[in-house]
Amino acid sequence: MSRIAYILSAYKDAPHLARLIAALDDDADFYVHIDRKADDRPFRQLLEGKVTFVPSHWVSWGGWEQVEYQKELLGAVLRSGVDYGRVVCLSGQDYPLWSNEEIHRHFDEHPDTEFIMGLNLTRCTDRAQRSKIVCYHFFRDLKWSDQWWKDKLIVASRNLLKLLPLRKPPYTYIEGKKAEVYFGSDYWALTLPCARYVYQRLGSERRLVRYFKTSFVPSELCIQTLVFNSPFGARALRYEGTYPGLSGLTPLHYIEYGKAIKPLTLDDLPQLARSGKMFCRKVVSGTSDRLVEALKNRNINTYKSYQS
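The sections below set out a description of the structure shown in this document. (Residues numbered from 1 in each chain as written. Predicted model: local features only at pLDDT ≥ 70, side-chain atom pairs only at ≥ 80, totals over all residues. Heavy atoms only, no water.)

Before going further, it helps to spend a moment on the packing of aromatic side chains. Scanning all chains against the criterion turns up 10 aromatic pairs. The interplanar angle of 80 degrees and the centroid separation of 5.9 Å between the aromatic rings of Y171 and Y173 together place this pair among those described as edge-to-face. Exposure remark for Y171: the relative accessible area of 22% places this residue in the partly exposed category. R44 extends its terminal NZ or CZ atom over the ring of F53, reaching a point 4.4 Å from the ring centre. Stacked on the ring of Y136, the Lys or Arg K168 has its end atom at 5.7 Å from the ring centre. (Phe/Tyr/Trp six-rings, centres within 6.5 Å; stacked < 30°, edge-to-face > 60°. Buried < 20%, exposed > 50% of the residue type's maximum accessible area, 1.4 Å probe, protein only. Lys NZ or Arg CZ within 6 Å of the ring centre and 35° of its normal.)

This is the structure we're talking about:
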């Protein structure tokens, strides 16, 4: 059974992050990033000595710093020197639907598969999806505490730039060669060689970094583009067809997207049992406690009474 490195980001709900890590703590190590805007003391009080904390970044949703903290986490994994079989990217509001034995077995049975999905935006005819890369997106990484004014500036600049004849090409460059752009979920599980490749390219491909710094939610574009334009892309999960929604591009997680991600409760257990997914999001202390207890007490695959 190969060891797993879990890389996680969090900004709130330290008690849930602690129970997530406790649930996965079987032949695994944990690397944690805490948003610089958050108070990290509750996290350190609960997890000191159990995880490796990496330097904090000021994170704004949809900004480039989301990629920077992923790079920070990957760097910590690689510097550890541990020969991990898998690097799994989670959020601090996830929870496993499978037992640790099932998780390890699945990765061991698919040792070369890169569990990351990608929809080709370069060739995509959906204008809304292509606008994520061909239109310019600014100001998401501004360190403003007033989110209301920041959101107004982001929306106003985006609308103004759409009126102007300024567009980026629907492709970027890697090693000086034209590279098609791929889009998918933040949450993935890569082999260690692939994770090393991604980390090295994030540190060397300046032209690619400049391109994604003005794209919409680069954490859903940059790593996908690196993987699918590499030798590892042949073993990744390329999506063909019309855009299925972000949940359809999330290979291992059950997520309900609407205007916001739905917090899960015990009422969602039947759907979780049918999903076949390895993890779920989002799980919140207080709201999701009964669901977590149900998942802790019995393996998700034993809920025969919930199948229909």
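That covers the picture; the talk isn't over yet.
On to the pattern of salt bridges, then. In the structure shown here, the tally under the stated rule is 15 salt bridges. Across the pair D27 and R3 runs a salt bridge whose closest N-O atoms are separated by 2.6 Å. Taken together, the residues span a long stretch of sequence, with D27 in the loop between α1 (14-24) and β2 (28-34) and R3 in the segment before β1 (4-10) at a distance of 24 residues. Residue E48 is joined to R44 by a salt bridge in which the shortest nitrogen-to-oxygen separation is 3.7 Å. On the accessibility criterion, E48 (51% relative accessible area) is exposed. By sharing partners, the salt bridges in this structure join R3, D27 and D29 into a single network. (Salt bridge = Lys/Arg side-chain N within 4 Å of Asp/Glu carboxyl O. Helix = DSSP H or I, 4+ residues; strand = E, 2+ residues; numbered from the N terminus.)

Turning next to the pairing of β1. With 7 of 7 residues buried, β1 is to be regarded as a mostly interior element. Judged by which residues are buried, β1 turns out to be covered on both faces: I4, Y6, L8 and A10 on one side and A5, I7 and S9 on the other are all buried. As paired elements, β1 and β2 share 7 bridges and run parallel to each other. What sits directly across from Y6, in β2, is F30. Running through α1, the crossover from β1 to the neighbouring parallel element β2 is right-handed. (Pairing = 2+ DSSP bridges. Right-handed = clockwise from strand over helix to strand, strands pointing away.)

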